[in-house]
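Each chain, letter by letter, is given below.
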Amino acid sequence: TLRAAHVKVAYLRMSGNFVSEAFAYGFQVLEQLGESFPAAPDNGIVVQEMLGTKQLVTGSLNESKLKSLPEMADSTKKEAMAFLDEMLVCSYQIQSIHLPLLACRMVRI
């Protein structure tokens, strides 16, 4: 179940020595939730994603439009957001290049 997967990722991450395992497992879960990421992104992919997200939030999607958006209703996307949040922490702990990709995905969802 997804709840068990959350517990496993959190346990592995908090145990200290298994952050990389938590990170890998979390990406497997995200894949099952329809959110895939490159295994070894290069700087070009990161820059492209960041520029695309910047364009999204500085273009037609301004602050007033963001405030007027309805609350997320898609349960799969809600679960993905929860895993993305956990993965951000893992990414920070292991200083992964995935961190900006995860953050950008959260903005886009």
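Everything numeric in this text was worked out from a predicted model, so none of it was measured.

Asker: Break down the state of the cysteines for me, with residues and values.
Answerer: Inspection of every chain in the model, using the stated rule, returns zero disulfides. In this structure Cys104 is not part of a disulfide, and its nearest cysteine sulfur, from Cys90, lies 18 Å away.

Asker: Tell me about the packing of helix 1 (residues 2–14) against helix 2 (residues 19–32), residues and numbers included.
Answerer: Remark: helix 1 packs on helix 2, axes separated minimally by 7 Å, with the N-to-C direction vectors making an angle of 155°. As judged from the angle between their axes, helix 1 and helix 2 are roughly antiparallel. Relative to helix 2, helix 1 is oriented so that their crossing is left-handed. Each of Leu2, Ala5, Lys8, Val9, Leu12 and Arg13 in helix 1 lies in contact with helix 2, whose residues at this interface are Val19, Glu21, Ala22, Tyr25, Gly26 and Val29.

Asker: So what's going on with the side chain of Thr53? Which residues, and what values?
Answerer: As for its position among the elements, Thr53 is in helix 3 (residues 43–58). Discounting residues that sit within four places of it in the chain, Thr53 has contacts with Cys104, Val107 and Arg108.

Reading the values: the criteria
- Residues numbered from 1 in each chain as written.
- Predicted model: local features only at pLDDT ≥ 70, side-chain atom pairs only at ≥ 80, totals over all residues.
- Heavy atoms only, no water.
- Disulfide = S-S within 2.5 Å.
- Axes fitted to C-alpha atoms, helices over the stretch in contact; angles between N-to-C directions.
- Helix = DSSP H or I, 4+ residues; strand = E, 2+ residues; numbered from the N terminus.
- Parallel < 35°, antiparallel > 145°, perpendicular 65-115°, else oblique.
- Left-handed = near helix turned anticlockwise from the far one by under 90°.
- Contact = heavy atoms within 4.5 Å.

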